[in-house]
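Chain residues, written in single-letter form:
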Amino acid sequence: MLVVHGLTKSYAGPRPRAVFADVDLSLSAGDYVAIMGESGAGKSTLLNLIAGLDSPDRGSISLDGTELTTLGDDALTALRRERFGFVFQAFHVLPYLTVAQNVALPLSLLGVVAPEKDARVKSVLAGVGLDGRGQSVPRELSGGELQRVAIARALVHAPRVVLADEPTGNLDADTASQVLRLLRDQIKSHGAAGILVTHSRAAAQTCDRIMQLTPTGLHALPPG
Amino acid sequence: MRKPGLSAARAVLAGSLVQNKARSTLSVLAIALGVALGYAVALITGAAVNELALGVQFLAGDADLQVRGPRSGFDEAVYPRLARLPEVAVASPVVEADAKLADRDDVLKIIGVDVFRAGAVQPGLIAQAGDRLDQLRPDMLFVSSAAASALGVVRGGELAFQVGLRTVTLRVAGVVPGGAQQRFAVMDIAGAQTNFDRPGRVSRVDLRLRPGIDIDAARERIQAQLPAGLAVQRPEAGVAAGEGLSRSYRVNLNVLALVALFTGGLLVFSTQALAVVRRRPQLALLRVLGMTRRQLASLLVLEGAIVGVVGSALGLAGGFVLARAAVRVIGADLGAGYFRGVAPTLALAPIPLVIFFCLGVTIAMLASLVPALEAARAAPAAALKAGDEERAFSRLRPSWPGLVIIGAGALAALAPPVAGLPLFGYLAIALFVIGTLMLMPRIAVMLLAALPLPRGGPPRLALLQLRGAPGQVAVSLAAIVAAVSLMVSMAIMVASFRVSLDAWLERILPADLYVRAGAAGDTAYLGADDQARLAALPGVRSAEFQREQQLLLDPSRPRVVLLARSIDAANLARQLQLVRGPVTLPPGAPPPVWVNEAMLDLYDFAPGKLIELPIAGKLASFTVAGVWRDYARPQGAIVIERERYIALTGDRSATSAALWLASGVNPDELSRAIAGDIPGGSRLEIAAPGEIREVSLKAFDRTFAVTYALELAAVVIGLFGLSSSFGALVLSRRREFGMLRHIGMTRRQIAAMLATEGLTISAIGLLVGFGLGWLISLVLIDVVNRQSFHWGMELNVPWSALASSAVVVLALSTLTAIASGRQAMSRRAVLVVKEDW
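Because the structure is predicted, anything quoted here is derived from the model rather than measured.

### Side note on the overall build of chain B
In terms of regular secondary structure, chain B is built from 28 helices and 21 strands. Looking at the 837 residues of chain B, the share that counts as buried comes to 52%. In chain B, the share of contacts with a sequence separation of at least 24, taken over all contacts with a separation of at least 6, comes to 85%.

### Topic: unusual backbone geometry
Cis rather than trans, the peptide bond between A:Ala114 and A:Pro115 has omega equal to 5°. Residue placement: A:Pro115 occurs in the loop between α3 (99–110) and α4 (116–127). One non-glycine residue, A:Asp22, lies in positive phi territory at about 55°. Along the chain, the position of A:Asp22 falls in strand β2 (residues 17–27). Backbone geometry at B:Asp197 places phi at a positive 55°, although glycine is not the residue there. With respect to the element layout, B:Asp197 can be found in the loop between α6 (189–195) and β9 (201–202). The exposure class of B:Asp197 is partly exposed, given the 17 C-beta atoms found within 10 Å.

### So, the domain arrangement of chain B
Residues and elements named next belong to chain B. As far as domains go, chain B holds domain 1 (1–61 + 244–392), domain 2 (65–233), domain 3 (442–510 + 692–837) and domain 4 (513–687). At the junction of the two partners, domain 1 supplies 32 residues and domain 3 supplies 30 residues. Residue assignment for the side of domain 1 that touches domain 3 shows that the elements contributing at least two residues are α2 (21–60) and α8 (235–278). Broken down by class, the residue content of the side of domain 1 that touches domain 3 amounts to 22 nonpolar, seven polar and three charged.

### Some thoughts on the sheet that holds strand β3 (residues 32–36) of chain A
Residue and element names in this part refer to chain A. Across the sheet, six strands lie side by side as β6-β7-β8-β3-β9-β10; this open sheet has mixed pairing. The open sheet terminates on both sides in strands that have one partner only, identified here as β6 (84–87) and β10 (217–221). Along the sheet, successive strands turn relative to each other by an average axial angle of 25°, direction set aside. Bridge count between β3 and strand β9 (residues 209–214): four bridges; the pairing is parallel. Bridge assignment links Val33 to a residue of β9, and that residue is Arg209.

### A short note on helix α27 (residues 799–821) of chain B
When the terminal C-alpha atoms of α27(B) are compared, their 32 Å separation across 23 residues agrees well with the 33 Å that a helix rising 1.5 Å per residue should span. Of the positions making up α27(B), those classed as buried are B:Leu802, B:Val809, B:Ser813, B:Thr814, B:Thr816, B:Ala817, B:Ser820 and B:Gly821.

### Observations regarding the environment of B:Leu585
Residue and element names in this part refer to chain B. Residue placement: Leu585 occurs in the loop between β15 (578–580) and β16 (592–596). On a C-alpha basis, the gap between Leu585 and Thr623 in space is 7.7 Å, while along the polypeptide they are 38 residues apart. Ignoring any residue separated from it by four or fewer positions in sequence, one finds Leu585 in contact with Pro592, Thr623 and Ala625.

### Observations regarding the environment of B:Leu795
Residues and elements named next belong to chain B. By the element assignment, Leu795 lies in the loop between α26 (747–789) and α27. Judged by local crowding, Leu795 falls into the partly exposed class, with 15 C-beta atoms found within 10 Å. Between the C-alpha atoms of Leu795 and Asp782, which are 13 residues apart in sequence, the distance is 9.4 Å. Other than its neighbours up to four places away in sequence, Leu795 contacts Ser496 and Ile781.

### Notes on the sheet that holds β2(A)
All names here are of chain A. Strand order in the open sheet formed by four strands is β2-β1-β4-β5, with antiparallel pairing between adjacent strands. Two strands lie at the open edges of the sheet, namely β2 and β5 (66–67), each paired on one side alone. As defined by bridge partners, strand β1 (residues 2–11) adjoins β2 across seven bridges and the pair is classed as antiparallel. Of the residues in β2, the one forming a bridge with Leu7 is Val23. Packing against the sheet, helix α1 (residues 43–50) makes contact with β1, β2 and β4 (58–63), and its axis sits at approximately 125° to β1.

### A few points about the nonpolar core
Membership of the largest hydrophobic core comes to 218 residues, with the highest contact counts inside it found for A:Ala152, A:Leu163, B:Met440, B:Ala478, B:Val481, B:Ala483 and B:Ile717. The biggest single contributor to this core is helix α17 (residues 470–508) of chain B, with 22 residues. Domain assignment of the residues forming this core places at least three in each of domain 1 (1–61 + 244–392) and domain 3 (442–510 + 692–837) of chain B. In this view, A:Ala152 contacts A:Val103, A:Val124, A:Leu125, A:Val128 and A:Leu130; residues no more than four positions away in its chain are not counted. Residues B:Val67, B:Val113, B:Leu125 and B:Ala148 belong to the second largest nonpolar core, which totals 49 residues.

Definitions and cut-offs
- Residues numbered from 1 in each chain as written.
- Chains lettered and ligands numbered in written order.
- Predicted model: local features only at pLDDT ≥ 70, side-chain atom pairs only at ≥ 80, totals over all residues.
- Helix = DSSP H or I, 4+ residues; strand = E, 2+ residues; numbered from the N terminus.
- Buried ≥ 20, exposed ≤ 12 C-beta atoms within 10 Å, placed from the backbone.
- Contact = placed C-beta atoms within 7 Å.
- Domains from an automatic or database assignment.
- Nonpolar A, V, L, I, M, F, W, Y, C, P; charged D, E, K, R; others polar.
- Pairing = 2+ DSSP bridges.
- Axes fitted to C-alpha atoms, helices over the stretch in contact; angles between N-to-C directions.
- Expected span 1.5 Å × (residues − 1).
- Core = buried A, V, L, I, M, F, W, Y, C linked by C-beta atoms within 7 Å.

Take a look at the structure:
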C-alpha cells in the first residue's frame, strides 16, 4: 500500500545538512510501525515527506500505486484529505468548534453531508470513548480526551494511513497508555496502516514493528 | 536589588518590537499621521490668528481704549466730546474702510488718521515722508510693506479704488514700516472721509488715558456717555471678537485632526491587544519568574510609550512640513475664507508642539493600557498552556458599561455650548464611539448568530471561528469602526448641509438677475440715482434693492449684519426661508424685524420678543417677527423693511439689487446693457441665480476639502488597523492553518475561509460603523454645527455615495484580509504545527 524507496533528504542553506539517506519502508493495510530515533534524526521530516508536505532530494513514495513525489500541491492536498489521518502531539483541536464539529472536519472537506456525516462522527466518537460528548467544547475536555478527539478526527474518514507524531508527549503515563492502546485498536479496526513517531520505547512497543531512523536509513529494532 | 525577570522582560519587549517590525512601524506611522495632522492644523490656524492679533495690536498702537460702532461709522461729533473727557490724554479719530480695488477683485484696508493725534497714540502708522505735507494731502496714501509687495506698488505709484460706482485714484507717497504681514494703507482722515464717502463720520476713536487712571473704571464712565450702538473697550477685545468668527471652524478642524489621532490610537490598541494575546505564554512565563502584575502591565504600557514617542516625534516633523505645504497650496484659512489676506509666518510653535507630543504619547499609552491590564490579570498557569491565547477572545464582557457610556453620550448631546463651543457635543461623539467599541463583541455575537450557517466548507468554518471568538472581531474592528463612523457621519452631515444650502440658495434667489455694487469691501454701493437707472432699464419688470450694514450689538462679538430690503408681508415665505414664525404683531407693537438662526442662538432673539437696535446712533424698538435660515452670516443677521431703515437713517444707498425681467428679455443682453448704459456699470458684479449658486456650492466644497482630507486620513488609518490586526490574527492562528493544511484543506480553501472572515468582519464593521456614523451625524447636525455656526439643516443621507464607499471599504478590507492570510498558506506555515513536536 505505502512504499517508500531510497528516500534522501538534506537541508540547503548556508550550512547544508544531510538528514537521512536511502530510507526504505513498506506498509500494508493493518500494519502499525513505530519509528524511533535521536532528536534531529529526521523523524518528523520523514512524516512530512510521506504526507506530501515536503519534497525529498531523491527517492520515491508510492501510495496505492500513486507516486507522490511527482504530484503538485493541489493533488497532494486532495490525496492527504482522502487517504491520510494525522495525530499531533499538541492535539490541534479547534477551540471554536464543538467536539463533533472538530471530528467532522475531514468529512466536511470531503463533501460528506448529514446524515452520513453525523452517523460516522457518532460512530467514531463512540469508538474512542467519547460517546455523548459531541456537543462539548474543547475547553471542557482534559488532555487525554482532547487527544481522543484528535484520534477520532484522524480516523473518521477512513484514511489509508494514519501518521502520529509523539501523540502522547503531552499526556501523563496512564493517559498515554490508554491513548496508545486506543490508537492501535482504532487503526487496526479501521484497516488503516499506521506510523507512530516516538521517543518512548514503551510507546513503540504498542506497534507491530519498531524501526530506528539513522542517517543511513531505517533499521529494524528487535521488539522488547 | 535586581528584580527577577527584568532582563527577560526587556528581551520580551525588544523582541516584540523587533519581531513585529511591520506592525510596530504601522502603529508608529498611525500615531505620526494623527500628530502631524493635529500639529499642522494647530500651526496654521494659530499662526493666522496670531497674525491677525499682531495686526490689531499694531493698528491700535498705544491706545488704552477704543470706541467702536457700526461698520459704516458714526457721527464724528462724538470725537471732540471724547477728547474733552478729563480721563482722556489723547483721542485719535480713525476712519477705517475695506476699500474695493477698482482693477481687481480684492480690497485694501484704508486707515484714515489725524496725523497729529495718531502720532501720540498709533506712532507705528506714521510713515516718514519725503514731503511732510504728503501726510495731509487728501489724494496721498502710505501703504504697508505687505500691501506694497502684494499689490506691486512703489512710492510714486497709483492705486485705484471703487467708491460707489466711481473710481478714485490715490497716489502712493511711501511705505509704512512694520505692521507684520498686514495689508493696509494709511492716509489723512479728511482725505479718507472725502474719498471714501464718509463725510462727517469716523469708524472708531482710539483713546490714551491719562497716567494713573483706572482703565476699567474709565471704560464704564465713558460707555455711559456714548450714543446707542457705540461701545468702548480695550483693543484686545477686538482681537477676541475677530477670532470668535473663525474659532468654531478652527476648533472643528482641530477636533477632526484629533479624530485621526484617536483612530491611530485604536490601531495601536488593536496591534497591542493581538500582540499581547500572541505572547500570552511568554508573558505568563515572566509572571512565573516573579514579575508582578504591576510590572507586567507597566512593561506593556512602556511598549505603547515607545511607539508614541517615536510616532509623535515623526508626526511633529511631518506636521511642520505639512503646514508649510498647506499654507502655500490652500492658504492660511485652509480654504474657508476666514483669514483672507493674511500671510502668516509659520514657526515651530512650542506650546502646540509639547501638547501634540504629549497627546501622541498619551494616546499610544492609553491604547496599550487595556491589553496590558488584560495580560496582567491572566492566570499564569492557564496562560502558559498552548491554546490559551485562542481562548482569550472567546470571553464576553458584560454589556452594561458600554450602554452606560452611550447613555452618558446621549445626555452630553443635550447640553448647551460652553463658551460658544460644542464641547459637550464632541464629548457625546467620543462617548458614542467608545461605548459602541465596548459593545462590539456583543454586537458581533448578535449579528453572527443572525447569519445563517453555510452547510459546509470554508465559509462554515470561518463563521464558526468568528462565532467562537467575538473578542477578536472587536479588536480587529476598533479602528475601522471608528474610521467608518467618522466617514459616514461626515458624509451625512456634509450632504445634509449641501442639500439644505442648495435649497436655501434656491429660495433666496428668486429673481432673474442679481447686481452687487462690489464683490468685497465696504466702499462700493449703488446711489439713489444708480438705483433709479437700474429700475428704469428697458427689460426690467421690477427691481428690489438691499442695503447691508453692520451693527455692533455686543462688543465681545463680531458685528451683526443688518439687511434693509423690501418685504412683502403677504409673501414672506418666498422672500425668507422662515424656520420659526411668522408672528402676527399685536396692534401697537413695535415694527417687525426677522432674524437669522444665529441671532436666536447668540442673542436669544426669539419670535415675539421686543428688542432694541442701535440704528443711526439711536435705539429703535422692534418686534422679532420670525427666524429665517441663513448659511451666510454665522455672526448674526437681521432683516428690516427698507422703507423703515431709510426713515430711520436717511440712507437711500443700496449694496445689491435683485432684478425681475420682462418676459422674453435675455439676461445676458440686460447684463451688457447695465454695464454699458449705467455710469460705472462695468464695475457692478452681475450674476444669474445659477451662477451664484454654482459659486456658492464651489466655495462650500472648497471649505470642506480639508475636512475630506482629514476624514480620508482617518479611513486610511482604519484600513491599516484592519490590515495590521488581521495580519496579527493570522499569525496567531498559524497552527490552526497548519493543521487544516495537514488534513487536506487547499490553499484556495484557506484563502476562501480568510476571505469569508474578512468579508464578514468588514461587513459587521461597516454595519456598526454606518449605524454609529448615522448617530454621530445627528450630533454633528443638531449639536456641533448648530452650536458652532448656528446653522440649522435637514437630515439628508447620501445613499449612493455611502453605498459606493461601503463597497470600496468592503473590497479593500477583504483584500487586506486575504493579503494578510497569504502567509498562512505558505509551506512554512503548514509546518508550524511541528513547533510543538
